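Commentary on secondary and tertiary structure
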Amino acid sequence: MIPRILSIALLLPAAVVAVATTAAAQQRPLVTEDPETIGAGRVLLEAGFDFGRDQFFPASGLKGNLLRLPLIGVSVGLSSIAELQIDGGVRSQLSIASRTSAPLSRMITATGDSTGDVEDIVVATKIRVAGESAGRPAVGVRFATRLPNAGNESGLGLDTTDFFASVLIGKTIQSVRVVGNVGVGILGDPTRGDNQSDVLTYGASVARAVATGVEIVGELNGRFNMQSGTPPVGTESKGVMRFGARVTRGAGRIDGALLIGTTTRDPSFGFAGGFTYVFNAFHVP
């Protein structure tokens, strides 16, 4: 696993710079958060899907091809510097290729070659702390809570509530937008109600405008478990690389991306696509 991560890490800077927005707040297909918000009184709606091959769930022992459709996100501009985000999904469906013994495998009720559930909902607040200037990047913070909507009976959920706090940095250099995230996550132990695991969360993305309304994007986003020894199941280190493009026309935008996992728990490869629409919804006094 380590050689795989190191090789990807060495290739990432060259690959991302080669495919490097002039747009302020990045959204789909990237998941690394831009410190810029969408603006007071504006609403961003996004819908999409992703597919991952050879996705492994350590807590349940299930492995297979995972389709998530539709993934839905809503962001509301509460002020010029703050926004509320709600993200989730209607359905996750796993085509089961194999089953192994795991701490929660006895709880799975699916007996066939597939299982499905809803997506966990994430509720977050993003605040821009400092705007971007010629000699300084934009800086923001984001606080998020992931709710346990997906159950462990399906083998896809953990029934834990998790909390995340991140610092966001972003800088535009000519037609290139570079964004970085670093933070902490407090993840519940799905096998014990009195235990938790702390992880370091990270993200780095680059996007480049190559034509009017056309951008090529890339990122590495994931988490690193900082616990010594074996971490609680379901809280292990994970990471996914994304390379793709998005096309904006007026208030709408379509996107697509290739996904590459960096650990054995992530999909070996996959793809994603979706649509985003932004509009002025209300006036903030």
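Look up a bit, the structure's there.
Residues numbered from 1 in each chain as written. Predicted model: local features only at pLDDT ≥ 70, side-chain atom pairs only at ≥ 80, totals over all residues. Heavy atoms only, no water.

1. Things to note about the pattern of salt bridges
- Applying the stated criterion across every chain, the model contains 13 salt bridges.
- With a closest N to O distance of 3.2 Å, Glu33 and Lys126 form a salt bridge. A residue pair is termed long-range when its members are at least 10 positions apart, and Glu33 in the loop between helix H1 (2-18) and strand S1 (42-57) and Lys126 in strand S6 (residues 122-130) qualify at 93 residues. Taken as a pair, Glu33 and Lys126 share a single burial class, namely buried.
- A salt bridge links Glu36 to Arg128, with the nearest nitrogen and oxygen atoms 3.4 Å apart. Taken together, the residues span a long stretch of sequence, with Glu36 in the loop between H1 and S1 and Arg128 in strand S6 at a distance of 92 residues. Each of the two residues, Glu36 as well as Arg128, counts as buried. (Salt bridge = Lys/Arg side-chain N within 4 Å of Asp/Glu carboxyl O. Helix = DSSP H or I, 4+ residues; strand = E, 2+ residues; numbered from the N terminus. Buried < 20%, exposed > 50% of the residue type's maximum accessible area, 1.4 Å probe, protein only.)

2. A short note on the side chain of Glu33
- A relative accessible area of 11% places Glu33 in the buried class.
- Among the polar contacts made by the side chain of Glu33, one reaches the side chain of Gln85 at a distance of 3.3 Å.
- Each residue touching Glu33, except ones within four places of it in the same chain, is listed here: Gln85, Lys126, Arg142, Leu168, Val179 and Asn181. (Polar contact = N/O pair within 3.5 Å; in protein donor to acceptor, adjacent residues only side chain to side chain. Contact = heavy atoms within 4.5 Å.)

3. Regarding the nonpolar core
- In terms of nonpolar packing, the biggest core is built from eight residues, these being Phe57, Leu62, Leu66, Leu94, Ile96, Ile108, Ala110 and Leu156.
- If you list the elements that add at least two residues to this core, you get strand S2 (62-77) and strand S4 (92-99).
- The contact partners of Leu62, leaving out residues within four places of it in the chain, are Gln55, Phe56, Phe57, Leu94, Ile96, Ser98, Arg99, Ile108, Thr115, Ser154 and Gly155.
- Counting five residues, the second largest nonpolar core, distinct from the first, contains Ala124, Phe164, Leu187 and Val199. (Core = buried A, V, L, I, M, F, W, Y, C linked by side-chain atoms within 4.5 Å.)

4. A word on the environment of Ile86
- Tracing the backbone through its elements, the reader meets Ile86 in strand S3 (residues 82-89).
- Spatially, the C-alpha atoms of Ile86 and Thr125 are 9.0 Å apart, while their sequence positions differ by 39 residues.
- If near-sequence neighbours (up to four positions away) are discounted, Ile86 is found in contact with Ile72, Gly73, Val74, Ile121 and Val122.

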